[in-house]
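Geometric and topological summary
One letter stands for each residue in the lines below.
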Amino acid sequence: MAKSETAHEPLIRISKREGITRTQSWLIRLLSLLLALIVSGIVIVCIVRINPFKVYATMASGAFGTSKRIWVTIRDIMTLLCISVGLAPAFAMKFWNVGAEGQILVGGIATVVCMKYFTGLPTVLLVLIMIVVSMLAGAVWGFFPGFFKAHWNTNETLFTLMMNYIAIQITSYMVALWENPPGSNTVGVINSNNEYGWLPSLFHDIPNLDFGWNVIIVMTVTVAVYVYLRYSKQGYEISVVGDSVNTARYAGIRVKKVYIRTMALSGAICGLAGFVAVSGASHTISTSTAGGRGFTAIIVAWLAKFNTFTMILISALIVFLDKGASQIASKYGINEYVSHIITGIILFFLLGSEFFIGYKVKFRHKAAAGQEVSK
Amino acid sequence: METIKYAVQMRNVTKRFGSVTANDRVNLDLKQGEILSLLGENGSGKTTLMNMLSGIYFPDEGHIFINGEEVSIASPKDAYTYGIGMIHQHFKLVDVFTAAENVILGQDETEKFDRKAVSAKVRDIAARYGFDIDPDKKIYEMSVSQKQTLEIVKALYRGADILILDEPTAVLTPQETDKLFAVMRNMKKDGKSIIIITHKLNEVMEISDRVAVLRKGEYIGCVETSQTSPQALTDMMVGRATTLDINRPDPVNPEPRLTVEHLTCLDKDGVKRLDDVTFTANSGEILGIAGIAGSGQKELLEAIAGLYPVQSGSITYSPKGKEAMNLVGMDPMAIKKSGIAMSFVPEDRLGMGLVGSMGMTGNMMLRSWRKNKGFFVNRKDPNELAKQIWKELEVVTPGTEFPVRRLSGGNVQKVLVGREIASSPSVLMTAYAVRGLDINTSYTIYNLLTDQKMKGVAVVYVGEDLDVLLALCDRLVVLCGGQVSGIVDCRTITKEEVGLLMTKYRKEA
């Protein structure tokens, strides 16, 4: 019999880890971050021959170097967070909404419509109208995939993805319609003369609190969604449907209704992110208003395990890496791909650490290996 | 005297999963050409032990000898090298392939697939041991028993001399079991060594030469079947004498509670799953429902619970002293809203009865989440209930927030049954309430059901073990192919008669 070929213990064995404490799991994450910095440091030295510590310092300065940069970083964190929080209800239901891009765009278009056509309103009223209208637009964009999934069990990933392209086409059309100046193929900064429809500064006396309202709106939504998913009846329904549709039916939950309602909600929050991006940040609209953040938010939501508070941290990390990457690219005049390699390495290690939190890896015992040799 | 040759010897084999020790220094001997029963309650480590023999798990400690030589089995492929073939509870077959294609699957990729030669060899094996198999039949056209036969043929085709059967009779009718046992005896005559895992003591007594007993991961001992008795084996299994009798008091004031008339249900593909089913469930009585797996039991209970579409017929609920109402067309929420206290323990515990990712509290809420007014859920009362069930039913869990998915099967069932009984039902339906549970937990469930019966609840018990059905229930509805083939009194009918009814199918008129 072919005994000697197979007669050994496998070199690596992977088994599930039980009962890991929170401190231990954060320690693993921290360790992986350190490891990531070391590895990318080696990569930096090898490829571009720059002192890696300088590179890291540059990254930090790119995100937090000046008070203006800090506020831009915070603004971008808030927009990304808002989208991620919007995905949370759908994802908790195992409804893979990859249509945030489209939902952001229609929310943004709705905001611009208000800015352009609802003239002469007091700021507070206008802002409230913009919030409602952008959320409605996003809700409609979320409603359709939810409705079709509920009634005909269509694939929500494909459906929401396709809805993105519709939204992009509509945006192109609107950009052509609102083109300013003509021939520029952009909308330009809307109402730049009177800042009508711009989210105001939180306190006029403190000039640097430019994006204070963004923070307040997004943090409110973050807390609200957390409470909604955790403590409300509808949140409970979402968790049950996400775990097992049959159990939900058994418990008397009207699954179709939950699908539609939750997707409308998810779309509405992403639509609100569109409002935040337009009225609270860029004050313009283009097909790149969403800028892929609808997809980045999927990573944020997954890394945060759909916990909206953890999403704050993850969004901050991703925006920080992004800002840092473009800063080193411009400061050292290196190819942007190099900086993407660095962020890639860091994300890879962070994602990889989740594996080591869930599982432990055991190598073959030295003694056993020795016996094997002596045979 | 001839020395005994051992096909398998396991010495001090230990396997741990995290903090749980599934097998603790277990010894096991399988003689060449014998049938050995491996007996033990659920969670006693039988399947884990066999998985180490078939290369699915690798032991943490201990030695395994095959035909006297020490070996190391690191993968199922290794197991085949040593002539070990395992037939799992859940078949590992590709539905859209034929029997012959499944047999050849995963083998020697270098050779050209010679369909004829494989079919011929399969037929040859079938003829030698008395299997009934068609090599060109697709898997999805096969019955459960045919699939199992194919799994055995597959093992033999690959040259297995040592066969492990993990609870092979759980899915078979009495007649099919007899057939399987005949085949096993033929294989034994041919010099094959067989290990059979089973819960059913009568089968142990019937088929095996020796019986090895495990209890809570430890090896208790091995006895000659001819030298032992079911009572002695039960004692070894559970560690102390337990009575095998189920207490069955007479029904109290039975009156019709649930009347099902001419119920017919079709599945998605338009196949009749229930065909003109008529019976009455009385209060204060346990109504058993017997039948081969897949005879319409699941559809029947789900139709009553409002989860399965009804084609025609009526389901009438007659509450005490109130007007009767027809349940057809109501979904579970409508049933609940009309004030009918119906409890249902479905067959698929984690897929329908419970939310696996939630703890006991979250699962208690499945029944009560809509009760309070307002936007937010009430977690306090469900939490109290969870604690009460935890204590009263001795659920083994680290806490009420620990995901029920990670509990053992028996504890999962305690959570489910506990919740359903706690809602003080007037109709309690259970599907395979004790499937996969050990003897002690099973008795806990039987007692709980009998308590409910004495409280005047109409209990419907879908079961698979005929001995239990006949000992626990008052009346028995026998289903066959979606039809009622008989309604009998459990106190007077014999097991053989029920077995016969289970296969008595009326052709369409």
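Scoring rules and cut-offs
Residues numbered from 1 in each chain as written. Chains lettered and ligands numbered in written order. Predicted model: local features only at pLDDT ≥ 70, side-chain atom pairs only at ≥ 80, totals over all residues. Heavy atoms only, no water. Pairing = 2+ DSSP bridges. Helix = DSSP H or I, 4+ residues; strand = E, 2+ residues; numbered from the N terminus. Axes fitted to C-alpha atoms, helices over the stretch in contact; angles between N-to-C directions. Contact = heavy atoms within 4.5 Å. Buried area = accessible area lost by both parts, 1.4 Å probe. Salt bridge = Lys/Arg side-chain N within 4 Å of Asp/Glu carboxyl O. Polar contact = N/O pair within 3.5 Å; in protein donor to acceptor, adjacent residues only side chain to side chain. Nonpolar A, V, L, I, M, F, W, Y, C, P; charged D, E, K, R; others polar. Buried < 20%, exposed > 50% of the residue type's maximum accessible area, 1.4 Å probe, protein only. Domains from an automatic or database assignment.

1. So, the sheet that holds strand β19 (residues 475–480) of chain B
Residues and elements named next belong to chain B. The 6 strands are arranged β16-β17-β18-β13-β19-β20 in an open sheet whose pairing can be described as mixed. Since the sheet does not close on itself, it has two edges, and those belong to β16 (342–345) and β20 (483–489), each with one partner. Strand after strand, the sheet turns through a mean of 15 degrees between neighbouring axes, direction not considered. Of the pairings in the sheet, the one linking β19 to β20 comprises 6 bridges and is antiparallel in character. When the bridges of β20 are listed, L479 appears paired with V484.

2. So, the interface of chain B and chain A
Opposite the 44 residues of chain B that make contact, chain A presents 30 residues. Both sides of the chain B and chain A interface together cover about 3200 Å² of buried area, and 56% of this is carbon and sulfur. Counting across the interface, chain B meets chain A through 2 salt bridges. Between D243 of chain A and R405 of chain B there is a salt bridge, with its nearest N and O atoms 3.4 Å apart. Counting the contacts that link chain B with chain A gives 19 residue pairs in polar contact (both at pLDDT 80 or more). In terms of residue class, the side of chain B that touches chain A is built from 21 nonpolar, 9 polar and 14 charged.

3. Some remarks on the sheet that holds strand β15 (residues 325–326) of chain B
All names here are of chain B. Taken together, 4 strands build an open sheet; the order of strands is β12-β11-β14-β15 and the sheet is antiparallel. The sheet terminates laterally at β12 (272–282) and β15, the two strands that pair on one side only. Pairing between strand β11 (residues 256–266) and strand β14 (residues 312–317): 5 bridges, direction antiparallel. Bridging from a neighbouring strand, T264 pairs with S312 of β14. Contacts between helix α9 (residues 297–304) and the sheet are confined to β11, β12 and β14, with β12 contributing the most and set at about 65 degrees to the helix.

4. Observations concerning the pattern of salt bridges
Residue and element names in this part refer to chain B. Summed over the entire model, instances satisfying the criterion amount to 28 salt bridges over all chains. With its nearest N and O atoms 3.5 Å apart, the salt bridge here joins K154 to E151. Residue K154 and its partner E151 are located together in helix α5 (residues 144–157), separated by 3 residues, close to a single helical turn. Pair check on accessibility: K154 and E151 agree, each one buried. One connected set of salt bridges, linked through shared partners, spans D250, K453, D474 and R491.

5. Re the environment of T154 of chain A
All names here are of chain A. Among the secondary structure elements, T154 is positioned in the loop between α6 (123–152) and α7 (156–178). Among the residues examined, T154 registers a relative accessible area of 21% and is labelled partly exposed. At 3.5 Å, the side chain of T154 and the backbone oxygen of F148 are in polar contact.

6. A look at the domain arrangement of chain B
As a measure of interface size, the accessible area lost when the parts come together is often cited. Domain annotation for chain B reports domain 1 (6–238), domain 2 (254–341 + 424–509) and domain 3 (354–423). Spacing between the C-alpha centres of domain 1 of chain B and domain 3 of chain B amounts to 37 Å.

7. Thoughts on the pairing of strand β17 (residues 427–431) of chain B
Residue and element names in this part refer to chain B. The buried fraction of β17 amounts to 5 of the 5 residues, a majority that puts the element mostly inside the structure. Burial along β17 is two-sided: the face carrying V427, M429 and A431 and the face carrying L428 and T430 are both buried. Bridging between β16 and β17 involves 4 bridges; their strand directions are parallel. In the sheet register, S343 faces β17, and the bridge partner there is L428. With 5 bridges connecting them, β17 and strand β18 (residues 458–462) associate as parallel partners. Note on β18: the bridge partner recorded for L428 is V459.

8. Describing the environment of K192 of chain B
Residues and elements named next belong to chain B. Within the fold, K192 resides in the loop between α6 (174–189) and β8 (193–197). Sequence separation between K192 and I35 is 157 residues, and the spatial gap between their C-alpha atoms is 8.7 Å. At a separation of 3.2 Å, a polar atom in the side chain of K192 contacts the main-chain carbonyl oxygen of A160. Among the polar contacts listed, one links the side chain of K192 to the side chain of D161, at a separation of 3.4 Å.

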